[in-house]
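Observations on chain architecture
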Amino acid sequence: MSIIVALATVMLLLFSSCSGKKKEFGAAITERDSLPVMDTRGVESLVSDSGVISYRLSAEEWLVYDKKTPSYWSFEKGVYVEKFDSLFQVEASIKADTAYYYDKQKLWKLIHNVHIQNQKGENFDTELLYWDQNKKRVYSDKAVRVEQVDRIIYAEGFESNEQMTKYTFYKVNNTIFYVDEESAAAAPADSLQNDSVQ
């Protein structure tokens, strides 16, 4: 009988210690809103807008946080996006070291080594860029380098349409480099103060 009592006591001690550990483990679990609902690696995806395929997205890592306020997608290991026109021709391409997409607002925030190329072959480089898909607007208030066919422009901030074909600089720096001497000679001196490209 004493053996049965001893076994029962040992079993009770084991169960109570196990239940204690479960409580400690449960308390260590992070709250649901800090965990991604989706964690995808090596992403290559076509994204539709209003039922029409409009973008191709490539990323090493894609995390979706649907319980955050606001909810967002995270691309902390870089992202590359191509935007298509109605004939599936690439209108613009964008890449960045880090990106966040706020899905409810349809707003991209691209950070560090942001590079854009438009259909005309012009290249834009900046450290911070916003792309508002609802307003069909791309903008930045940071320094930007724009390489056009005939010149390279350094400016502080700009805004543009989604195709990056019509853009205006907030402030053009005095440093403009022309690709060839003929372009430099043909450009009026005051055309660089408030540059706008149509």
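Residues numbered from 1 in each chain as written. Predicted model: local features only at pLDDT ≥ 70, side-chain atom pairs only at ≥ 80, totals over all residues. Heavy atoms only, no water.

**A closer look at the pairing of strand β8 (residues 123–132)**
Within β8, seven of the 10 residues are buried, which leaves it mostly tucked inside the rest of the structure. Examined bridge by bridge, strand β7 (residues 107–118) and β8 share nine bridges and lie antiparallel to one another. Its bridge partner being in β8, Lys-109 is matched across the sheet by Tyr-130. Following β7, the chain reverses through four residues before pairing antiparallel with β8; Gly-121 in that reversal takes a positive phi of roughly 85 degrees. Relative to strand β9 (residues 137–147), β8 runs antiparallel, the two being bridged by seven bridges. Bridge pairing in β9 places Asn-123 opposite Glu-147. (Buried < 20%, exposed > 50% of the residue type's maximum accessible area, 1.4 Å probe, protein only. Helix = DSSP H or I, 4+ residues; strand = E, 2+ residues; numbered from the N terminus. Pairing = 2+ DSSP bridges.)

**Description of the packing of aromatic side chains**
The full count for this structure, using the stated rule, is 15 aromatic pairs. Taking the centre distance of 5.0 Å and the plane angle of 55 degrees together, the rings of Trp-62 and Trp-73 count as tilted. Highlighted residues: Trp-62 in strand β2 (residues 52–65) and Trp-73 in strand β3 (residues 72–75), separated in sequence by 11 residues. Judged by relative accessible area, Trp-62 falls into the buried class, the value being 11%. On the numbers, 5.7 Å between centres and 25 degrees between planes, the contact of Phe-75 with Trp-108 is stacked. With a gap of 33 residues between them, Phe-75 in strand β3 and Trp-108 in strand β7 connect regions that are remote in the sequence. A relative accessible area of 0% places Phe-75 in the buried class. Taking the relative accessible area as the measure of exposure, Trp-108 reaches 5% and is therefore buried. One aromatic cluster is present, formed by Tyr-55, Trp-62, Trp-73, Phe-75, Tyr-101, Trp-108 and Trp-131 through successive ring pairs. (Phe/Tyr/Trp six-rings, centres within 6.5 Å; stacked < 30°, edge-to-face > 60°.)

**Considering the environment of Tyr-72**
Structurally, the position occupied by Tyr-72 is in strand β3. Under the relative-accessibility criterion, Tyr-72 is labelled buried at 18%. With 30 residues separating them along the chain, Tyr-72 and Tyr-102 place their C-alpha atoms 4.3 Å apart. Ignoring sequence-local partners within four residues, the contact set of Tyr-72 consists of Leu-63, Val-64, Tyr-65, Tyr-100, Tyr-101, Tyr-102 and Asp-103. (Contact = heavy atoms within 4.5 Å.)

**Let's talk about the confidence of the model for the protein**
One rule of thumb: low pLDDT means the predicted coordinates there are not for detailed reading. Of the residues in the protein, 72% reach a pLDDT of 70 or more, and the chain-wide mean stands at 80. The least confident element of the protein, judged by mean pLDDT, is strand β12 (residues 196–197) at 46; the most confident is strand β6 (residues 98–102) at 97. Across residues 5–14 the pLDDT falls below 50, and counting only partners more than four positions away or on other chains, this stretch makes zero contacts in the model. Predicted confidence is poor over residues 188–198, with pLDDT under 50, and the contacts of this stretch with residues over four places away or in other chains come to 23 contacts. (pLDDT = per-residue confidence, 0-100.)

**With respect to the pattern of salt bridges**
A side chain of one charge can pair with a side chain of the opposite charge when the charged atoms of the two come close. Enumeration according to the criterion identifies seven salt bridges in this entry. Across the pair Arg-56 and Glu-82 runs a salt bridge, and its minimum N-O distance is 2.6 Å. Taken as a pair, Arg-56 in strand β2 and Glu-82 in strand β4 (residues 79–84) lie far apart in primary sequence, 26 residues in all. Classification of Arg-56 as partly exposed rests on a relative accessible area of 32%. Across the pair Arg-145 and Glu-147 runs a salt bridge, and its minimum N-O distance is 3.3 Å. Using a relative accessible area of 25% as the deciding quantity, one classes Arg-145 as partly exposed. Several salt bridges share partner residues, and in doing so they unite Asp-39, Arg-41 and Glu-61 into one network. (Salt bridge = Lys/Arg side-chain N within 4 Å of Asp/Glu carboxyl O.)

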